[in-house]
Amino acid sequence: MWLNPEEVLLKNALKLWVTERSNDFFLLQRRRGHGESTGRITGLLVGALDTVLDSNARVIPFRILLQVPGSQISWVIASGAAIEEVNKHWDWLVHNLLHSLSVFENKEDVASFVKGKVKGLIAEEVRGRQAAQEEDPGKFREALLKFELHFGLPSSEKLVTYYSCCCWKGRVPRQGFLYLSINHMAFYSFLLGKEVKFVIPWAEVTQLERVSTGLMHEAIRVSTRQRQREFSMFLNLDEAYGVIGQLADITLRRLLDSEGLELDRVLQQPARITKRILEEQALREYVLALFRLPRGESLHEVASCSVWTPHARSHTAGTLYTTDNYLCFCSREEGHCILIIPLSEVLSIEKAESTSVLPNPVIVSVRSKKAFQLIELQDRDELVESLNSRLRRKQKSMSFHSPSGSLSLVFFHSSAHSGPVPPNNPCLCVFFLGGNFSMEQVKERLWDDHFAEFGRGVHMFRTEKIQRLVAMGIPESLRGELWMTLSDASSELESHEGYYSSMVQKSMGHNNLATEEIERDLHRSLPDHPAFQNPTGIAALRRVLTAYAHRNPKIGYCQSMNILASVLLLYAKEEEAFWLLVAVCERMLPDYFNRRVIGAQVDQSVFEELIRERLPELAENVPDISALSSVSLSWFLTLFLSVLPFQSAVCVVDSFFFHGIKAIFQLGLAVLEANAAQLSSSTDDGQALMILTRYTEELSSSHTDTPAVNPTNITDLLNESCEKFGDLTVRQIERLRCRHRIQVLQAHEDTTKENALRLVTPEVSLSPENLSDAYDLFKAAAWKHGNSGHSYIERHYRLDRPQFKSLYGLLVPWPGSSEQHADTLANRTFTLLDQDRNNLVTFKEFAVWLDTLYCEELNEKIRLLYRLHIPPALTETEDDPSLMKSPLLSTNRPLYVNRNSGEEVKDYQEQLKQMLKDLVKEKEKDADKPLPLMNQREFIQFCKTLYSLFHGDPEENELFQAIATVTSLVLQIGEAGHRRPSSGSEDTGKGTEPVQDGGDGGVDGSLAPESDWTVSYAQILASLLTEQALVNFFEKTVDLSAKIREAKEKQYHQRAGLLMLQQRTKLN
């Protein structure tokens, strides 16, 4: 490949390189030791040096140099792993450049001309390819070539990045390179003549850790179900760890979760993933989590700047983030000062005159007649132009709304009420008349003072001072407003006027699983609260939940949503409660509310790690820390609403709307720390649960009239949690979530697999290892094919017809020679296995089929083949015109084979009669599972299948002769049954499956005469048993383990080819 010209000192280069071809301007060189017949010590040393040193010459054994006569300096312009590749470049140089160079008089002009040509070739070669997106295309192309050369993965496998590292095997390090692609991580090392390489698919990664030992400062441990690998590197450890986590997380989210975790559109297209894209997506995820923005927001600009903060009377330094619909600012110390300005609130964005005191200022004016000043913005002109462009589009598409206080009421009817119900009715807290009114007045005055100093509305400054006010509990008169402000649900409401009422109207009258679950849980939502002891509160809750289920069918309804929605309705108007629920479910707690509650389980796993990190003594004294983290699941799902006294729990919700999920982590750690001594001395999980339950039940709020004995005040606990664990940042939480999501998804897959194997094992004789491997094959073919209509326990992977046919070709033990006939059999097999007639095959049906082929007796294999040639597997409209044109069989006469001259036909008929008597036992055995009779057309196709299976077998001639004998015998039996229908019938029409052409062997006047000819499964089986060659063929043992290993390899390349085809289709 062509390389960006790089200087080398020719004198030193000759020590490691051998010149193979040369002329006045170019040298073709081979790396010393490469291609030599014996492994000389110089070659081994050079190979070790190539692996360890990070030089442009490592490993690549051939290169081309540009040399200028009389100069000691040359330039590497091309390199290659094979001599053929470098010779092509050499020939191009000789034919296209060598003659032209002789006319140059200036040596420097020669070098400049060749460098320009090579750079042009590189630019042409990398255009439209991945290397053009990298900082150093030359080095990346070199790494890409090595990646393709060493591992032989499909060409669709895109390399994302690579790192120089050590892979540790016990105490022995192997220096090499770690390659990270869209589906794999791969390691290669060549040291002192010994090669080490391996590939780990991301889908097999179960855990990622950073570990430290005495031998290495820090390493990355990658665990799969089979083994662990540890990698250390001097540079870029943090970056590599982040990229590995992202790639594993993206792959598992894309492949394993059929219910669809939220994944950005860019990441759903593996061909577009690059290192730069991963960095941008990691930053975007952080920004969305920090400011709790809608998941669909795209990040546009990131700029360092300072914002004038009137409360501090100074400029606060930090970073400005701009998205589709927001301007967001965060101080350098996360959480110290946050500002969110929706573009819908902005009137203008203007540049002001730059001075030494106020360099590059920008003024952002909002509708509340306030302005924000930003200074020290780099590339100010481009930033302002971009923002104004989006602002103009926003203003053009916006419909201007009246102030929220004068929103018109929309009336509609509900099936639960006879009169109109306004969706904007007052909050339900009017039903609750308790509370400490003097304390409420004090808190209201404090908030009024805060609004005067820091602003009011979604674009107020959010500082540490709010934390103390929030911990006291937001006054009930302001709670709904501040929840809407802090979550920015107010912007969603304003930009979607009439949306909620339309959702309610559309959802009315719909009955599905979500609405049934909602109706069941309506009266379980805060049953002790007066607001939900009357039809008004229940009806409002029903409308909010059903409207959301209609809006987001992917989530629908999940338990605990009813509790959350109930609390929201107490302090916000009905439409506001709906948008608050949207904010919580889709932005603040992403992936929480689905049937698998993945998000909550991920945070539960993160919480377990935080316990070990922040409360090490407790983690050491409690034998099973997972028991403590499991208690926290309800904390995260219900925001402590299900475990705390109501007023205390509402204070936690206040803190949640201000801090986000960080508040729940901090409070959970504070609760465990407060009970650490008792938990350490607890003897079992039940006692620990009682300790935590008793503690949370006694937590009081600041305005509880009758406090419990020696309670802990919730305000004090919230403040304490912020003081002790406030250094926990959103960035840390997002990184932990990324890593722990891998473990949670793999744990779900393990559970699904265990359940499937447990269900199937009693039905088959396959070994546990083969059954497990068969499941992996089945799952790989059925990626992302889940049935959302089933619950998670019922939902297993299923195969559609093309997916099953791909596995059929990989696993069937008798592939035969005719692809057309194999495809026909695969179609019939799918139809036969599809017992539910939903065009899908379950793993149980697949495993039973595989067990029949590899583990069952001969008679069961013949039974399967028999069933493939009668309805429902065989249809009258089957598109296989060759079936009735077989040269091997006649359709109107029996087939005779050569017999000894002394054999009489009469004796042969007697033999048939005796055989029919011997079939009584077989008939009794099949009484519970009767099979329809087979007519002549179906039997001819059955014989055609047998001939196809035998083709290419080492005993092919004997098998063909044997099947000819059996065919003649069965045709004779059919003729005998046709003349005496009452004596040749195996089954009657009673209690049997639908029978083709009359199950009793009788005559249907509407059918052709050939249809009167019938034979039974027992007759065919008995005939086949008379030929030892056929018995040996069907009883021959086939190694299923080897077949599965071969199938896995072929399946991978099939999927890779399909992926490449899809990528080309998208490009076209």
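Residues numbered from 1 in each chain as written. Predicted model: local features only at pLDDT ≥ 70, side-chain atom pairs only at ≥ 80, totals over all residues. Heavy atoms only, no water.

Per an unreviewed UniProt entry, the chain is named TBC1 domain family member 8, and its organism is Sphaeramia orbicularis.

**Q** Describe the overall build of the chain, naming the residues involved and giving the relevant values.
**A** Of the regular secondary structure elements, the chain holds 40 helices and 24 strands. The 1068 residues of the chain split such that 53% are buried. The long-range share in the chain, meaning contacts at least 24 apart out of those at least 6 apart in sequence, stands at 66%. Accessible surface, the chain as shown: approximately 49200 Å² in total, 51% of it carbon and sulfur. (Helix = DSSP H or I, 4+ residues; strand = E, 2+ residues; numbered from the N terminus. Buried < 20%, exposed > 50% of the residue type's maximum accessible area, 1.4 Å probe, protein only. Contact = heavy atoms within 4.5 Å. Areas by Shrake-Rupley, 256 points an atom, 1.4 Å probe, with all protein chains shown as cover.)

**Q** How would you summarise empty space enclosed by the protein if you had to cite specific residues and measurements?
**A** Throughout the structure, instances matching the rule amount to six cavities of 30 Å³ or more. By volume, the largest cavity amounts to about 90 Å³. In terms of lining residues, the largest cavity is bounded by Y808, V812, W814, L825, T829, W849, L853, K861, L864, L865, L868 and L949. Contributions of two or more residues to the lining of the largest cavity are made by α31 (819-833), α32 (843-854) and α33 (858-867). With three residues, α33 is the single largest residue contributor to the lining of the largest cavity. (1 Å grid on protein atoms, 1.4 Å probe; cavity = no way out; pocket = protein on both sides within 12 Å on 5 of 7 lines; lining within 4 Å. Points joined across faces, edges and corners; volume = space filled by probe spheres on them.)

**Q** Talk me through the nonpolar core; I want residue IDs and the actual numbers.
**A** W483, M561, F593 and F657 are the most contacted members of the largest nonpolar core, which totals 144 residues. Considering every element that reaches this core, the biggest residue donor is helix α18 (residues 574-588), with ten residues. Once residues within four sequence positions are removed from consideration, M561 is found in contact with L545, Y548, I555, G556, L581, C585 and F593. (Core = buried A, V, L, I, M, F, W, Y, C linked by side-chain atoms within 4.5 Å.)

**Q** Outline the sheet that holds strand β7 (residues 172-181), listing residues and values.
**A** Taken together, seven strands build an open sheet; the order of strands is β9-β8-β7-β6-β12-β11-β10 and the sheet is antiparallel. The open sheet has two edge strands with one neighbour each: β9 (194-201) and β10 (205-211). For this sheet the average axis-to-axis angle between neighbouring strands, irrespective of direction, equals 30°. Pairing analysis gives three bridges linking strand β6 (residues 159-169) to strand β12 (residues 228-232), with the strands arranged antiparallel. Paired with W168 across the bridge in β12 is E230. Relative to β6, helix α6 (residues 137-151) is tilted by about 60°, and along the sheet it contacts β6, β7, β8 (184-191) and β9. (Pairing = 2+ DSSP bridges. Axes fitted to C-alpha atoms, helices over the stretch in contact; angles between N-to-C directions.)

**Q** Describe the side chain of E297, and please don't skip the residues or the numbers.
**A** For E297, the position within the fold is in the loop between α8 (275-291) and β13 (299-309). We note that E297 is buried and unpaired, the nearest opposite charge coming from K394 at a distance of 7.1 Å. A polar side-chain atom of E297 sits 3.1 Å from the main-chain amide nitrogen of D324. Here the side chain of E297 touches N325 through a polar contact of 2.7 Å, side chain to side chain. Sequence-distant contacts of E297, defined by excluding residues within four places in its chain, comprise R284, L288, T323, D324, N325 and Y326. (Lys, Arg positive; Asp, Glu negative; His and termini not counted. Salt bridge = Lys/Arg side-chain N within 4 Å of Asp/Glu carboxyl O. Polar contact = N/O pair within 3.5 Å; in protein donor to acceptor, adjacent residues only side chain to side chain.)

**Q** I'd like a rundown of the UniProt feature "domain: EF-hand" (unreviewed entry) in the chain, residues and numbers included.
**A** Mapped onto the present numbering, the UniProt feature "domain: EF-hand" (unreviewed entry) falls at residues 821-856. Annotated as 69% helix and 6% strand, the span residues 821-856 places its first and last C-alpha atoms 24 Å apart. (UniProt positions renumbered as here; feature names shortened; annotations may be inferred.)

**Q** Run through the pattern of salt bridges, naming residues and quoting values.
**A** Counted according to the given criterion, the structure contains 40 salt bridges. With a shortest N-O distance of 3.1 Å, E301 and R390 are connected by a salt bridge. In this pair, E301 sits in strand β13 while R390 sits in helix α9 (residues 380-397), placing the two residues 89 residues apart along the sequence. Note on R390: relative accessible area 7%, which makes it buried. Two residues, K351 and D381, come together in a salt bridge whose shortest N-O distance is 3.2 Å. Taken as a pair, K351 in strand β17 (residues 346-351) and D381 in helix α9 lie far apart in primary sequence, 30 residues in all. Exposure remark for K351: the relative accessible area of 45% places this residue in the partly exposed category. Its relative accessible area of 41% is what places D381 among the partly exposed residues. Salt bridges sharing partners connect three or more residues here, namely E209, R221 and E230.

**Q** Help me get a handle on the packing of aromatic side chains, residues and values and all.
**A** Summed over the entire model, instances satisfying the criterion amount to 45 aromatic pairs. The structure contains a cluster of three or more aromatic residues connected by ring pairs, namely Y775, F778, F804, Y808, F830, F843, F846 and W849. Directly above the ring of F177 sits K146, whose terminal nitrogen or CZ lies 5.7 Å from the centroid. (Phe/Tyr/Trp six-rings, centres within 6.5 Å; stacked < 30°, edge-to-face > 60°. Lys NZ or Arg CZ within 6 Å of the ring centre and 35° of its normal.)

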